[in-house]
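Listed below, chain by chain, are the residues.
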Amino acid sequence: HHRSWGVDQSPSITARLEIKQRGRLSIETATFIDYDEGLEIALYSFSSGERYETARLPSRDRYREVRQFTRIYAVGYPAGQTEPISVSGEVSVPRTDWNGGPRMVHTAPGYPGNSGSGIFAESDFQLIAIYISYFYCRDGSGESIPMEHVSLGVPGDEICEWLKRTGYGFLVPS
């Protein structure tokens with residue numbers, strides 16, 4: 001279920017991204033590098049070479065400390081929002097197999113467009129997962145409907161392992 005393209009096999013895909021940082025809006029073009037369908041994550045490179053402040057991946061040991069009832073914050077820009085929205089909750093299940101991929105189940109509510117938002121531990125504000133939405137099709141209509149009352153994240157250690165497999169392990173702290 002983990003379909004991934006290596007750098008040499010990646011299709012030629014670019015994306016237009018709006019990045020707001022410290023009150024300044026930048027428009028970037030990013031080139032697709034790799035994608036993992038099972039994890040629902042992708043890696044892009046900014047064409048401009050501009051460096052932005054980002055959440056840093058903590059060590060693998062930090063991810064192992066995540067337990068049920070760990071207090072969390074999810075912070076992101078849901079669809080149409082120009083300012084960040086933060087919500088809080090707790091980890092319900094640190095790791096489970098959900099629809100063929102490893103997931104963290106949590107109680108921080110999401111909004112349409114929250115996928116890709118960081119999930120941070122309340123205790124030290126370390127990034128521990130990336131928010132994803134789970135959709136399903138009801139009654140064969142083909143219409144995507146958000147799954148209610150379920151909030152999921154891709155566990156951070158899975159992201160680190162994927163980066164290593166795709167040749168980007170240098171982005172992962174030791």
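The text that follows walks through the structure, step by step, so that each part is easy to find.

Conventions we followed
The numbers attached to residues start from 1 for each chain and follow its sequence in the written order. Local features are withheld for residues below a pLDDT of 70 in this predicted model, meaning they are given only at 70 or higher, and side-chain atom pairs are given and counted only at 80 or more; totals for whole chains, interfaces and linings count all residues. Working from all heavy atoms in the structure, the side-chain values ignore hydrogens and water. When a carboxyl oxygen of Asp or Glu is within 4 Å of a side-chain nitrogen of Lys or Arg, the pair counts as a salt bridge. Numbering of helices and strands starts at the N terminus; helices are DSSP runs of H or I of at least 4 residues and strands are runs of E of at least 2. Between buried and exposed lies partly exposed: a residue is buried under 20% and exposed over 50% of the maximum accessible area for its type, with that area taken using a 1.4 Å probe on protein chains only. DSSP bridges decide pairing: two strands pair if at least two such bridges lie between them. Note on geometry: axes are C-alpha line fits, over the in-contact stretch for helices, and angles between N-to-C directions span 0 to 180 degrees. We call two residues in contact whenever any of their non-hydrogen atoms come within 4.5 Å of each other. Side-chain rings of Phe, Tyr and Trp, where Trp is taken by its six-membered ring, are said to pair if the distance between their centres is within 6.5 Å; with planes under 30 degrees apart they count as stacked, over 60 as edge-to-face, and otherwise as tilted.

## Observations regarding the pattern of salt bridges
Tallied over the entire structure, the rule returns 10 salt bridges. The salt bridge involving arginine 64 is made with aspartate 61; its shortest N-O contact spans 2.8 Å. Of the two residues, arginine 64 and aspartate 61 are both situated in helix H1 (residues 60-64); the distance of three residues between them amounts to about one turn of the helix. Given the relative accessible area of 48%, arginine 64 is considered partly exposed. The network of salt bridges with shared partners includes Arg62, Glu65 and Asp124.

## With respect to the pairing of strand E3 (residues 41-46)
A regular strand carries its side chains on alternate faces of the sheet. The sheet contact formed by strand E2 (residues 24-36) and E3 spans six bridges and is antiparallel. Bridge pairing links tyrosine 35 to alanine 42 in E3.

## A word on the sheet that holds strand E6 (residues 101-106)
Pairing in this closed barrel of six strands is antiparallel, and the strands run E4-E5-E6-E11-E8-E7 around the ring. Across the sheet, the mean angle from the axis of one strand to that of its neighbour is 45°, orientation sign disregarded. Direction of pairing for strand E4 (residues 71-76) relative to strand E5 (residues 85-98): antiparallel, over a ladder of six bridges. The residue of E5 that forms the bridge with alanine 74 is valine 87. Along the sheet, helix H2 (residues 156-165) contacts E5, E6, strand E8 (127-132) and strand E11 (151-155); its crossing angle with E11, the most-contacted strand, is approximately 40°.

## A look at unusual backbone geometry
At glutamate 40, a position not held by glycine, the phi torsion is positive, near 60°. For glutamate 40, the location among the structural elements is in the loop between E2 and E3. Since its relative accessible area comes to 38%, glutamate 40 is described here as partly exposed. Phi angles above zero are rare outside glycine, and phenylalanine 125 is one such case at about 60°. With respect to the helices and strands, phenylalanine 125 occurs in the loop between strand E7 (118-121) and E8.

## Some points on the packing of aromatic side chains
Aromatic ring pairs are defined here through the distance separating the ring centres and the angle between the ring planes. Applying the stated criterion across every chain yields a total of three aromatic pairs. Relative to tyrosine 44, the ring of phenylalanine 32 has its centre 5.8 Å away and its plane inclined at 80°; by these criteria the two rings are edge-to-face. Highlighted residues: phenylalanine 32 in strand E2 and tyrosine 44 in strand E3, separated in sequence by 12 residues. Seen in terms of ring centroids, tyrosine 73 and phenylalanine 125 are 6.2 Å apart; in terms of plane orientation they differ by 15°. Their pairing is stacked. Taken together, the residues span a long stretch of sequence, with tyrosine 73 in strand E4 and phenylalanine 125 in the loop between E7 and E8 at a distance of 52 residues. When its relative accessible area of 27% is taken as the criterion, tyrosine 73 is described as partly exposed.

## Quick notes on the environment of alanine 108
Structurally, alanine 108 is set in the loop between E6 and E7. Under the relative-accessibility criterion, alanine 108 is labelled buried at 0%. Placed 11 residues apart in sequence, alanine 108 and isoleucine 119 show a C-alpha to C-alpha distance of 8.9 Å. Other than its neighbours up to four places away in sequence, alanine 108 contacts Ile72, Ala74, Val87, Ser88, Gly89, Tyr131 and Ser151.

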